[in-house]
Amino acid sequence: MRIGMRLLLGYFLIVAIAAWFVLSIFVQEVKPGVRRATEGTLIDTATLLAEIGRDDLLSGHAQQGKLAQAFSQLHERPLRANIGGIHKVRNEYHVYMTDAQGRVVFDSTALAVGKDYSRWNDVWLTLRGEYGARSTQIHPDDPESTVMYVAAPVVEQGKIIGVLSVGKPNSAMAPVIHRSERRILWAGGALLGIALLIGLAVAWWINRSIGTLSRYADSVTTDTPLPLPNPGSSELHKLAQALENMRIRLEGKNYIEHYVHALTHELKSPIAAIRGAAEILSEQPPPQVATRFIDNILVQNARMQSLVEKLLTQARLENRVEITPEVVSVDSLFTRLADARAALVAAKEIVLTLEPTSLNVAGDPDLLDQALGNLLDNAIDFTPQGGAITLAAREDRKQVQLIVTDSGSGIPDYARDRIFERFYSLPRENGLKSSGLGLAFVQEVARLHQGEIGLHNRDEGGVVATLTLHRPFT
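Residues numbered from 1 in each chain as written. Predicted model: local features only at pLDDT ≥ 70, side-chain atom pairs only at ≥ 80, totals over all residues. Heavy atoms only, no water.

**A word on the environment of Gly462**
The cut-off we apply is this: Under the scheme used here, helices are H or I runs from DSSP no shorter than 4 residues and strands are E runs no shorter than 2 residues, and both carry numbers assigned from the N terminus. Throughout, a residue-residue contact means that at least one pair of heavy atoms, one from each residue, lies within 4.5 Å.
Topologically, Gly462 is positioned in the loop between β13 (452–457) and β14 (463–469). Not counting residues within four places of it along the chain, the set of residues in contact with Gly462 comprises Asp406, Ser407, Gly408, Gly410, His456 and Asn457.

Encoded structure:
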């Protein structure tokens, strides 16, 4: 199981357990809380009605007194109240009053008049000066039919002369309780849903960051490693930096090893040529033979010097991290390249065409000059006598493409995958090979300019070299 999923499950399990405890406590407290609040209102109502009903009790005709008249009118007047979505259409209070012996003298329903209620807790305790209340189940088979009664003493000159009790069915509070429980459960479900979404987002972020680091670590073994990612976390950033340091050290070691092998391979041929020429010269050959071999030694020496210089240039370029861009006119760049190679072009009778353009690019002018110069040199070397070369520029959205097109022999199929390798070179018309560093140099220039280089054969013959620059240009 992935680490993000493990964290998600652990986090959600903790939230779910905590939510279950909290919700269960809330739900369990809803019913007692509502009933306690209702009991408080019943106490206030019973105390108030006890004061009003005292005169009815003293008159001896409580069932025809003011309370009886009030409840008679109340039953005839329906209610129309909307209490937070709960509709109340009738009065639900049951009120009765007893004398000092606990006998009912008034009942709002007129059903219990004359009955002995002295043994009910609300009457029994109140007559003894204590707080009297009870909850009685009206129907033995229905646990939801309970009625809560709260009593208040009827006092005359400091003496308890009776009890007034107010009752309210618990079923009247059921809608309030059910609505509260339902809202709490909905809120709990929403809380768990939000917690799950947050957990999913965190797990996705962790998996994405780790996946980015994994892809970066895997790319270390390839020829085109990915740039150092930013995972968005200080801890993961330290891990990414450690991987970057490891990559740099590994690349440095491989870089040196590769260069040593490549340089050794490239130097074998000129060293062998110089050694052979020196052995022949040691035998004191005729002057014309000696002159030819001395020239050969000088040519091979120049070849080795050029190779070393290009290697140093390539190494400096590969160690650069960024450039300081300047605005470069593409038309002026093409003109400088054509003027610098006018003699080579004229010697091979090549038609060099510069397509006029008003484009400017942001980049390093020297590096762009050398990179396009290498592409143009390759085009001149592989273009036959009397061929044609074209320098052009194209604008494509936020890119500028610098294009060198020739009419040469094209790239052989066997060389397409190796054309950008260091020291890999194809033979020219004169049978000689170059240092094999020109296209590698162009590739590094493209990297520094956040661009790319591509070489493709033309259907009609020749090669199209496209240097694409991704940096903003003006």
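**Digging into the nonpolar core**
Inclusion rule: Each nonpolar core is a collection of buried residues, namely Ala, Val, Leu, Ile, Met, Phe, Trp, Tyr and Cys, held together in the definition by side-chain atoms within 4.5 Å. Summary of the burial criterion: residues with accessible area below 20% of their type's maximum are buried, those above 50% are exposed, and those between are partly exposed, where the area comes from a 1.4 Å probe applied to protein chains only.
Of all hydrophobic cores here, the largest spans 39 residues; its most connected members are Leu368, Leu372, Leu375, Leu402, Val404, Leu455 and Leu467. Taken together, the elements giving at least two residues each to this core come down to α7 (330–340), α9 (365–382), β11 (388–396), β12 (399–406), α10 (438–448), β13 and β14. At eight residues, the largest contribution of residues to this core is made by α9. Ranked by size, the runner-up nonpolar core spans 19 residues in total, among them Leu42, Leu67, Val150 and Ile161.

**Points about the sheet that holds strand β3 (residues 94–99)**
The condition is simple: The pairing criterion for strands is at least two bridges between them, as found by DSSP. To get an axis, fit a line to the C-alpha atoms, keeping to the stretch in contact for a helix; angles then go from 0 to 180 degrees between the N-to-C directions.
Spatially, the five strands line up as an open sheet ordered β4-β3-β7-β6-β5, and their pairing is antiparallel. The open sheet has two edge strands, β4 (104–107) and β5 (133–137), and neither has a second partner. Ignoring strand direction, the axes of neighbouring strands in this sheet form an average angle of 25°. Bridging between β3 and β4 involves three bridges; their strand directions are antiparallel. Within β4, the position partnered with Thr98 by the bridge is Val104.

**Quick notes on the sheet that holds strand β9 (residues 351–354)**
Sheet strands line up and pair through hydrogen bonds in the backbone, either parallel or antiparallel. Taken together, five strands build an open sheet; the order of strands is β9-β11-β12-β14-β13 and the sheet is mixed. Whereas interior strands pair on both sides, the edge strands pair on one side only; in this sheet they are β9 and β13. Adjacent strand axes in the sheet meet at a mean angle of 15° when their direction is disregarded. Note: β11 against β12, eight bridges, orientation antiparallel. Across the sheet, Thr390 pairs through a bridge with Thr405, a residue of β12.

**Some points on α10**
Counting buried positions over the 11 residues of α10 gives eight, a clear majority of the element. Along α10, the residues that are buried comprise Leu439, Ala440, Phe441, Val442, Glu444, Val445, Ala446 and Leu448. Directly after α10, the chain includes Gln450, whose backbone phi takes a positive value near 55°.

**Some remarks on the pattern of salt bridges**
Going by this rule: Here, a salt bridge means any Lys or Arg side-chain nitrogen found within 4 Å of an Asp or Glu carboxyl oxygen.
Under the criterion given, the structure shown has eight salt bridges. Taking the shortest distance from any N to any O, the salt bridge between Asp122 and Arg134 comes out at 3.0 Å. On the criterion of sequence distance, the pair formed by Asp122 in helix α3 (residues 121–127) and Arg134 in strand β5 is long-range, its members being 12 residues apart. Among the residues examined, Arg134 registers a relative accessible area of 10% and is labelled buried. Here Arg341 ties to Asp377 by a salt bridge, and the two come within 2.6 Å at their closest N and O atoms. Here Arg341, found in the loop between α7 and α8 (342–347), pairs with Asp377, found in helix α9; they are 36 residues apart in sequence, far enough to count as distant. On the basis of relative accessible area, Arg341 is assigned to the buried category, the value being 14%. Judged by its relative accessible area of 26%, Asp377 falls in the partly exposed class.

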